[in-house]
Amino acid sequence: MNRFSRYLVGFATLAALTSTTGLVVDAIAQSTLAESGLVGELEGATIIRDPARIPTSFSEAPMLAERVAAGDLPAVESRLPSEPLVIQVLDEIGKYGGTWRRGFIGPSDGENGNRINASDKLLFWDFSGTEIVPSVAKDWSISDDGRVITLSLRKGMRWSDGAPFTADDFVFWFEDLYSNTDIVPTPIADMSPNGKPGRVVKVDETTVRFEFDDPYFLFIDMLAGDTLIGGGQSVRQARGQTFGAYAPAHYLKQFLPENSSLEEVNAMAEAEGFDDWVQMLHFKKDWQLNPEVPRLGPWVTTTPINTPTWVMERNPYYWAVDTEGNQLPYIDRIVMTLAEDTEVLNLRAIAGEYDMQERHIDLGKLPVILENQEKSDYTVRLDLAFNGSDTVLQINQTYDEDPEIAKWLKNADFRRSLSMGIDRDQLNETFWLGVGIPGSAVPADSSPYNPGPEWRDKWSTFEPDQANALLDSIGLDKKDSEGFRLRTDNGERLRIEVQAVKAFLPWPQQAEMIAEQWKDIGIQADVREFERGQAMGRTRENKHQIMVWTNGGTELLYLFPRHAIPVDPTEAFMGPRWASWFASNGEQGVKPDDPNMLKIFDLFRSAGGQREQERFKTAQEIWKIVIDQQYGIGTVGQSPALMGVRIVSNKLGNIPSRVCIAQHCRTPGGSHPETWFFKE
Amino acid sequence: MLAYIFRRLIFAAATTVAISVIAFVIIQLPPGDFVDAYIASISATGGQVSLAEAEGLRIQFGLDRPMYLQYFAWITGVVQGDFGFSVEWRRPVSEVIGDRLWMTVIISVFAILLSWGLALPIGIYSAVRQYSIGDYVFTFVGFFGLAVPNFLLALIILYFSFVLFGANVGGLFSAEYQLEPWSWGKVWDLAKHLPLPGLILAIGGTAQLIRIMRANLLDELRKPYVVTARAKGMRESRVILKYPVRAALNPFASTIGYLFPFVVSGSIIISLVLSLPTVGPLLLRSLVAQDMQLAGTIVLMLGVLTVIGTFISDLVLMWVDPRLRAGLDG
Amino acid sequence: MSEQAATLPLGTTSKAASSAEERIAVATQLQLTWWRFKKHKLAYASGIVVILFYLIAIFADFLAYSDPQSTAAARSFIAPQGIQWFDEGEFRPHVFAITGKRDAKTFKIIYAPDPTQKIDVKLFARGYSYRLFGLFKTDIHLIGVDDGKVEDRIFLLGTDLLGRDLWSRLMVATRISLSVGLAGVTISLFLGVLLGGISGYYGGAIDILIQRLIEILRSIPTIPLWMGLAAALPRQWSVVQVYIAITVIISLIGWTELARVVRGRFLALREEDFVVAAELSGASQLRIIIRHMVPSFLSHIIAAVSLALPAMIISETTLSFLGLGLRPPAISWGVLLQDAQNLQALSIAPWLLFSAIPVIIVILAFNFLGDGLRDAADPYG
């Protein structure tokens, strides 16, 4: 309820604001999300951890029963592990069958399927995204010194081709794949706390140990999060990645030179049309491309992603059951059809051609989506995210092309002024239909990472007078005839370039509106729209001044820090040079000359060895500095803008009224799509 | 004559080589490479790629090599019939294009037939009844089709055909036939889906054709032989259809050669908006993703088709027009 | 050339001219073309429409009333609101004040005019400041209001998502789009006439070379060509620089068509008796080309240009659709059409499709004009 009162306050301020500026067009802000009835309570399937509640008899889908009767498949009892994952479904025990129709936008949209199959992660988060629960691993423990993490596996668990899944699959991944520099050129930070590489050790068939030299309490979170080590086979062994802690040894061994010879595997690769064995291996282990690769997820690919229809069918060896012993998933098949363009995808969703779609659905189209609810027989749900800001102006601290601009970008008061020059209520009404929460980039108030409610507004309310005064005071007091502030070196107008990509939010348009607002504080901003790839290339080359992007994922700071602080050179919008310095332990890049950033780096590095409560404290400290310094200017967040507009066919059952929208929840994976079913 | 053909063949080959180089260069022009585009699309769809991984990908795809080496690697393959590997689709280029080539041919041929079927009668009518109300109406309607930005028209038609008739949204097949093997039912399903995209594709070209047909025929009708034929009391329909129409069609015949590449590249945006499984969106996507070998192959393919088309057209023209043959040496 | 052109309108209206036959006998080719063109009513009317559009382009800021860049959430997607001309039988142009409220069920903002609050619409009112002809700073606009900001009062064609006035944006866009077309055609014309002329006049190796170049350029599908070139433009370029570059890119393909036309005419004319006669009487090549050949196909070129212009304008909108053309904050027809190119616009704000109307009208007008000119260009036909 606190959320809704916050909205009301937001609306009230907007109403007050508009009336004082003398607009006749006002009083828009009367609507509330509560009134709309589109936002439900967080709910979902839960994992039963009490061994006494494991069902004793099992049943299976008719399509599998047929294959068992025909002798193609062993009986369901022998396909399931002795301790299957037991899932308490949300509403009712489901019925088997049906095809889930969905849309995807091309071969780069693999996440669309990965996320549905996210239960192939070792550990996972519950439906609310707050508590770690078992998934592939039955249980876990960490030694008192934080250096040894032990995972227990399920006895009798099998890959989708029926081969046993054991501790050997972990050792194979670690020794034969991850440690082979032909396949993985450089070790990942996830496996090397403080730059010291860890090890994977088999204890027995169903017990695996991860050993580290330094305390690594964070590792449990890493295993549960969408990280390189914990992401699961679907995402981490697709698209040329070779992470995720385990791999189907019995299948992949034939493609490695160790088990035959380099000539032999290269010959095999050439015969199949690959350049060499490494390229072949990357293809063979990729579940999106290769229907043959053994899997652990609920569905396996039958028609690969690089065709007009990506089709998945149930995994006959899936190791989870409902509380009555029915093997999951309920739904037989997922058919994703290629939409060349997201407009078409949205229109198809609106036309009821998909059974459940939250991906690529555009919040701006909500009125159209709602209009067609009855005609196309679906229900609309808005799922609110926990990250602070869907749109963050990330300010490049290592920009150096124009020293005058660089000087101001590095000036904290300048950044604060920019932030106070943004009228977030206007943005919220225009682009979020009024359903977001305006403010800084900190995660939701309910999050243990949040340093306190006052940080939502810190430097992040619309204060044009204060911003003007602050800008005057730092030496930007000279203006030209049109009221724009002048550079201090040559007296020309100070022009700041804002780089925006038209990706999943209308960022160029949002940036345009912000640029309009900045006119009132005398700042000229030039919005430059880039194609995604180009924008990435430019940031890699340290050429951008301000980059518009989201901070989705930063709600769990340690698992996805890159859009909160510049620590990951992949996407270091706040300072590529500093990020290289941090990631390479000082070997590359540039050491920050900003003591605040050095403090952030120290805090961040120390967190890996801290226990949970202490880690939260450290994260709060980091957020305080980040917000006080305004390295990233937050605008509007905690909204359904990214994957939070859900169109659900009324034929589907066990669908939560609200799901967790977050990177670590693997939306919609955290809600266990394998428990959804067609009611008729 | 043979010498001329031989010379033209050499020119055609040289043009093709030039096109392949230019194609490769233009595609390379934008800053960044496939891996940048790839990281961007992955992170925009909620995934992540590490820096080390990105470098690995660059080496894997040979993007760390200089451009001319990448070009030679590709073109050597092309000469041997291997068009390379699409890094975005992670399949051989020939397979990726092959999937869509037939659909492209079907829809393009349909659009061409449709626009000819509409344009020729209208063009003849407009020429014969110059400045009549019918002429004005047809010309206006034809030009209207030319004037409306067709990508906008495509989305409007798509949206309203759903709102008003509950029609399927985009694509060439209904969901139930999408995965089926070919059958009469599937052919019928395709036939039902063709008219809308076919019409939208045809609209722009039709106006052009009407105008050319009308102008050509007007020129012919003014010629003395037509006047003579009329004077001699030949039936009007025969006067018009016997020679002038045929003569006016000559320039058309010569354009057959490059109609197909023209329709394909002209339809890229419409195909994208209508989500048609054709080569058009593939080209656009490969350009955005900087999927060099795929984009290069499609551009080269269209370029070569145009060159061949032009070559054939020239031969056809020369065949029908002795005056041109006479001036060959000039 | 120039004095001939200048006498054109006079020649047509002069009562002093003797008999019609005599007029035809002494008329220059351009005069003949003009007389014939005037008979082509549709083309004649189209010519006037084109002139009107260029007038709009020149006076765009004066005809606009709202600042085309001014955004406000409280004005998002307002439907067009007409001017009320009479108040209780008295002529008093006014608009109603508007109030809006977001509906909690549909999430649309519902706007309602308030008939009790009448706001007078004034002529030559003050609004945002601009430079007339790019020179004189002023803030006078054709219409405006005294009561409050005009941005919150008048919505002749409604507003877009960001609450910007569509009418005003259309006016300003007209200027950019029409001049892109004009500039593009000028460049194409220059290249086309130069290279086409050289190719047609000299023939031989030069002809072959130029023809190959044209063939290569025409063999490359335009979209990749545009995408490659447009995406390669340095991003630090200002709107004006990008605008010039886009024009050049568009004309890079446009010139080939013109070159073909010119070459064809040259080839045909080279053999004509009057050219041979001029050659025999010792006229220099330059004189032959400028004095004898160009006038005889000038009307063809004018026709080709007026047909090339709409193609340029369409190209500009297409580039914008691809996200490669002019981009906001620049305002062009392509930019406006892009704003209309989504489902919410079609469904919630269909008035954004008004942006397509001037595009359609101008393209029609240019086509009819071009057709008429081409028909007229052949005066003995």
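Residues numbered from 1 in each chain as written. Chains lettered and ligands numbered in written order. Predicted model: local features only at pLDDT ≥ 70, side-chain atom pairs only at ≥ 80, totals over all residues.

1. So, the overall build of chain B
- For chain B, the helix and strand inventory stands at 17 helices and two strands.
- Put simply, 72% of the contacts in chain B that link residues at least 6 apart link residues at least 24 apart. (Helix = DSSP H or I, 4+ residues; strand = E, 2+ residues; numbered from the N terminus. Contact = placed C-beta atoms within 7 Å.)

2. Things to note about the confidence of the model for chain B
- Across chain B, pLDDT averages 77, with 84% of residues at or above 70.
- For this predicted complex, the interface confidence score (ipTM) comes to 0.83, while the overall pTM stands at 0.87. (pLDDT = per-residue confidence, 0-100.)

3. Structural notes on the domain arrangement of chain B
Residues and elements named next belong to chain B.
- Under the domain assignment used here, chain B contains domain 1 (15-92) and domain 2 (98-329).
- Between domain 1 and domain 2, the residue contacts involve 19 residues of the former and 17 residues of the latter.
- Mapped onto the side of domain 1 that touches domain 2, the elements with two or more residues apiece are helix H1 (2-28), helix H2 (34-44), helix H4 (67-79) and strand S1 (85-86).
- Broken down by element, the side of domain 1 that touches domain 2 gets its largest block of residues, seven residues, from H1.
- In terms of residue class, the side of domain 1 that touches domain 2 is made up of ten nonpolar, seven polar and two charged. (Domains from an automatic or database assignment. Nonpolar A, V, L, I, M, F, W, Y, C, P; charged D, E, K, R; others polar.)

4. Description of the environment of Arg164(C)
Residue and element names in this part refer to chain C.
- In this fold, Arg164 is placed in the loop between strand S4 (136-145) and helix H6 (166-202).
- A count of 24 C-beta atoms within 10 Å places Arg164 in the buried class.
- As for Arg164 and Pro68, which are separated by 96 residues in sequence, their C-alpha atoms are 6.0 Å apart.
- Ignoring anything within four residues of it in the chain, the contact list for Arg164 reads Pro68, Gln69, Ser70, Thr71, Thr159 and Arg169. (Buried ≥ 20, exposed ≤ 12 C-beta atoms within 10 Å, placed from the backbone.)

5. A few points about the interface of chain C and chain A
- Taken residue by residue, the interface counts 36 residues in chain C and 40 residues in chain A.
- Counting only elements with at least two residues in the side of chain C that touches chain A, the list comes to strand S2 (90-102) and helix H13 (343-348) of chain C.
- Of the residues forming the side of chain C that touches chain A, the biggest block, six residues, is contributed by S2(C).
- By residue class, the composition of the side of chain C that touches chain A is 15 nonpolar, twelve polar and nine charged.

6. A few points about the sheet that holds strand S12 (residues 320-322) of chain A
Residues and elements named next belong to chain A.
- With mixed pairing, the three strands of this open sheet are ordered in space as S1-S2-S12. Of all the strands in the sheet, the pair left with one neighbour each is strand S1 (46-48) and S12. Sheet twist, expressed as the average angle between the axes of neighbouring strands with direction ignored, equals 40 degrees.
- Inspection of the sheet shows S1 paired to strand S2 (residues 85-88) by three bridges, in the antiparallel sense. What sits directly across from Thr46, in S2, is Gln88. (Pairing = 2+ DSSP bridges. Axes fitted to C-alpha atoms, helices over the stretch in contact; angles between N-to-C directions.)

7. Comments concerning the packing of helix H15 (residues 412-420) of chain A against helix H17 (residues 464-473) of chain A
Residues and elements named next belong to chain A.
- Relative orientation of the contacting elements H15 and H17 amounts to 155 degrees, with a least axis distance of 8 Å. Here H17 runs roughly antiparallel to H15, going by the angle between their axes. Crossing handedness for the pair H15 and H17: left-handed. Side by side, H15 and H17 meet where Asp413, Arg416, Ser417 and Met420 of the first sit next to Gln466, Ala467, Leu470 and Leu471 of the second.
- Grouping the constituent residues of the contact of H15 with H17 by class yields four nonpolar, two polar and two charged. (Parallel < 35°, antiparallel > 145°, perpendicular 65-115°, else oblique. Left-handed = near helix turned anticlockwise from the far one by under 90°.)

8. A look at the sheet that holds strand S3 (residues 109-132) of chain C
All names here are of chain C.
- Strand order in this open sheet of four strands is S1-S2-S3-S4, and the pairing throughout is antiparallel. Taken across any chain shown, the strands that pair with only one partner, and hence form the sheet edges, are strand S1 (84-87) and S4. Averaged over all neighbouring strand pairs, the angle between strand axes comes to 50 degrees, with direction disregarded.

9. Points about unusual backbone geometry
Residue and element names in this part refer to chain A.
- Between Leu328 and Pro329 the backbone carries a cis peptide bond, its omega angle lying at -5 degrees.
- In this fold, Pro329 is placed in the loop between S12 and strand S13 (333-338).
- Residue Pro668 is reached from Thr667 by a cis peptide bond, and omega for that bond is 0 degrees.
- Even without glycine at this site, His360 takes up a positive phi of about 70 degrees.
- Tracing the chain through its elements places His360 in the loop between strand S14 (356-357) and helix H13 (366-371).
- For His360, a count of 20 C-beta atoms within 10 Å corresponds to the buried category.
- Positive phi is not limited to glycine here, since Leu433 has a value of about 55 degrees.

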